[in-house]
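Chain and residue survey
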Amino acid sequence: MVVLAKSPAPLEQIPLVRSPEPGDYFAGVPAVDLSAPGAARDAVRACERYGFFKAVNHGVHDGVVSRLEAEAVRFFASPQAEKDARGPASPFGYGNKRIGRNGDMGWLEYLLLAIDGAALSDASPAPSSSLRDAANEYVGAMRGMARTVLEMVAEGLGVSPRGVLADMVTDAASDQLLRLNHYPPCPLLQSLMPNCSPTGFGAHTDPQIISILHSNGTSGLQVALHNDAADDDAPHWVSVPPDPSSFLVIVGDSLQVMTNGRLRSVRHRVVANTLKSRVSMIYFGGPPLEQRIAPLRQLLGAAGGGDGEEQSRYEAFTWGQYKKAAYLSRLGDDRLAPFHRQQPPPVAMPQVQSSSYPPP
Ligand SMILES: C=C1C[C@]23C[C@@]1(O)CC[C@H]2[C@@]12CC[C@H](O)[C@@](C)(C(=O)O1)[C@H]2[C@@H]3C(=O)O
Ligand SMILES: O=C(O)CCC(=O)C(=O)O
Ligand SMILES: [Fe+2]
């Protein structure tokens, strides 16, 4: 049994996983240069194949990131009683090891903050005015990047207007979150079981439209690669090399549905580093609660009211309905499963003899 002093939830309640090895690093992380002319096409390709990409030449000033990261580090280094006074995270505030309300545990502490428009909401007061100011500046930059990326996605998919997706996350009533995560080192486990690491954040997909993740230089994030050719559904976990100069754009469940499954929400998890602290900052861009989430009409065939050839693969829902169901689910659940539509079997077309067509 491994019990860490001063930890409210012992390590034994946290699933252990095999420590990442150098061979697990994914050398093929797709990078999209947001300032390049082919960015729209590249973003769509990456989101179709992998469900995420690394955004480079994003135009966000280093100072905006380093200022919030320094505030986060300062907050997480403050006395436990002060941090606890900002919790529990139900739903917003400081959380320690407990993720959500349904029994998920991870080797992390975090601050979950609601955003109202372009700034932190009064529903989740920041622990200090300096953290609040830094977070507001950061949120402004993330909303801008979310808008740019979603406009590119619309362009790359050939849907119009260009703002059809972007407007949902920059609407005055859009449902956005900012999450600051700290994964402390775990030297005791390193000495007792050197090949094992604690799960920092268990496998899941993000429910919103888009997530934009920044991390410090400590590794830990893993993504599940899809292998359409394989018969089994076993995930192949690969480690994403940390790169503090870039951001990781992650497709959320709602974007998967709105693109009728063309872009995929990628399963990801964090394996805590036993020796070094990881700090990550994630912006989650969701639509207003009453927004209908259904495949975009222009991606569907005539039966779905669209111009293309596809049938809708999903039952429509509102973001409010989906969010409510998501927050009752466990982290690793397939939250979209109840919304999958049965695909009708392919219709057998009558064979037409070329000689008899067109009919006389
Ligand atoms: C176990 C849970 C935590 C979560 C709400 C949920 O019930 C299922 C989805 C989880 C997730 C994953 C992405 C984000 O980190 C998050 C804030 C979100 O919107 O959905 C978390 C939720 C959370 O930590 O409360
Ligand atoms: O901390 C990370 O790197 C990822 C966390 C995450 O996936 C989340 O908060 O939803
Ligand atoms: Fe996530």
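Attention in this report is confined to the structure presented alongside it. Note that the structure is a prediction, hence the values are computed from the model and not measured.

**Let's talk about the sheet that holds strand E8 (residues 196–204)**
An order of E1-E8-E13-E10-E11 is seen for the 5 strands of this open sheet, with the pairing classed as antiparallel. Whereas interior strands pair on both sides, the edge strands pair on one side only; in this sheet they are strand E1 (16–18) and strand E11 (236–239). Pairs of neighbouring strands in the sheet enclose a mean axial angle of 45 degrees, with direction left out of account. Inspection of the sheet shows strand E10 (residues 221–225) paired to E11 by 4 bridges, in the antiparallel sense. When the bridges of E11 are listed, Leu225 appears paired with His236.

**Brief notes about the nonpolar core**
Of all hydrophobic cores here, the largest spans 66 residues; its most connected members are Phe53, Tyr138, Met145, Leu178 and Leu180. For this core, the element with the most residues is helix H4 (residues 129–157), which contributes 14 residues. Among residues more than four places away in sequence, those in contact with Leu180 are Leu68, Ala72, Phe76, Glu109, Tyr110, Leu111, Leu131, Ser280 and Met281. Of all hydrophobic cores here, the second largest spans 32 residues; its members include Leu11, Leu177, Phe201 and Leu248.

**Here we look at the site of ligand 1**
Near ligand 1 there are 17 residues, and of these Arg179, Gln208, Ala326, Tyr327 and Ser329 occur at the shortest range. The separation between an oxygen atom of ligand 1 and a polar side-chain atom of Arg179 is 2.8 Å. For ligand 1, an oxygen atom lies 2.8 Å from a polar atom in the side chain of Tyr327. Within the complex, the protein chains bury 98% of what would otherwise be the 470 Å² of accessible surface of ligand 1. Given that more than half its atoms are within 2 Å of the pocket grid, ligand 1 belongs to the largest cavity. At the level of secondary structure, the elements contributing two or more residues to the shell around ligand 1 comprise strand E7 (175–183) and E8.

**Re the site of ligand 2**
Near ligand 2 lie 13 residues; those nearest to it are Tyr183, His204, His268, Arg278 and Ser280. One nitrogen or oxygen atom from the side chain of His204 is found 3.1 Å from an oxygen atom belonging to ligand 2. In the model, an oxygen atom of ligand 2 is placed 3.4 Å from a nitrogen or oxygen of the Asp206 side chain. In the complex, 98% of the free accessible area of ligand 2, which totals 300 Å², lies under the protein chains. The site holding ligand 2 turns out to be the largest cavity. Contributing elements (two or more residues each) for the shell around ligand 2: E7, E8, strand E13 (268–271) and strand E14 (278–286). If you tally residues by element for the shell around ligand 2, the top one is E14, at 4 residues. Broken down by class, the residue content of the shell around ligand 2 amounts to 6 nonpolar, 4 polar and 3 charged.

**Some remarks on the coordination of the iron ion (ligand 3)**
At the metal site, the iron ion (ligand 3) is ligated by His204 (NE2), Asp206 (OD) and His268 (NE2), and these contacts range over 2.1 to 2.3 Å. Binding-site remark: the iron ion (ligand 3) is held by donors from one chain whose sequence spacing is H-x1-D-x61-H. Linking Asp206 in the loop between E8 and strand E9 (210–215) with His268 in strand E13, this pair joins segments that are 62 residues apart in sequence. Given a relative accessible area of 5%, His268 falls into the buried group.

**Here we look at the pattern of salt bridges**
On inspection of all chains with the given rule, the structure shows 16 salt bridges. Residues Glu137 and Arg67 are paired through a salt bridge, measuring 2.6 Å at the closest nitrogen-oxygen approach. Here Arg67 lies in helix H2 (residues 62–76) and Glu137 lies in helix H4, a separation of 70 residues in the sequence. Note on Glu137: relative accessible area 35%, which makes it partly exposed. For Lys83, the salt bridge is made with Glu109, and the minimal N-O distance between the two is 2.8 Å. One end of the pair, Lys83, is in helix H3 (residues 80–84); the other, Glu109, is in strand E5 (residues 104–116), and 26 residues separate them in sequence.

**A look at empty space enclosed by the protein**
Left-over empty space is what a probe sized like a water molecule reveals as it rolls over the atoms. Applying the stated criterion to the full structure yields 1 cavity of 30 Å³ or more. In this structure, the largest cavity spans a volume of roughly 530 Å³. As for the largest cavity, its lining consists of 33 residues, of which Ile99, Arg179, Phe201, Tyr327 and Leu331 are closest to the centre. The set of elements that each furnish at least two residues to the lining of the largest cavity consists of E5, E7, E8, E13 and E14.

**Points about the environment of Ala55**
Secondary-structure assignment places Ala55 in strand E3 (residues 52–56). Look at Ala55 and you get buried, because its relative accessible area is 0%. With 213 residues separating them in the primary sequence, Ala55 and His268 have C-alpha atoms 17 Å apart.

Criteria and thresholds
- Residues numbered from 1 in each chain as written.
- Chains lettered and ligands numbered in written order.
- Predicted model: local features only at pLDDT ≥ 70, side-chain atom pairs only at ≥ 80, totals over all residues.
- Heavy atoms only, no water.
- Pairing = 2+ DSSP bridges.
- Helix = DSSP H or I, 4+ residues; strand = E, 2+ residues; numbered from the N terminus.
- Axes fitted to C-alpha atoms, helices over the stretch in contact; angles between N-to-C directions.
- Core = buried A, V, L, I, M, F, W, Y, C linked by side-chain atoms within 4.5 Å.
- Buried < 20%, exposed > 50% of the residue type's maximum accessible area, 1.4 Å probe, protein only.
- Contact = heavy atoms within 4.5 Å.
- Near = heavy atom within 4 Å.
- Polar contact = N/O pair within 3.5 Å; in protein donor to acceptor, adjacent residues only side chain to side chain.
- Areas by Shrake-Rupley, 256 points an atom, 1.4 Å probe, with all protein chains shown as cover.
- 1 Å grid on protein atoms, 1.4 Å probe; cavity = no way out; pocket = protein on both sides within 12 Å on 5 of 7 lines; lining within 4 Å.
- Sits in = over half its atoms within 2 Å of the grid points.
- Nonpolar A, V, L, I, M, F, W, Y, C, P; charged D, E, K, R; others polar.
- Donors = N, O, S within 2.8 Å, 3.2 Å for Na, K, Ca; no water.
- Salt bridge = Lys/Arg side-chain N within 4 Å of Asp/Glu carboxyl O.
- Points joined across faces, edges and corners; volume = space filled by probe spheres on them.

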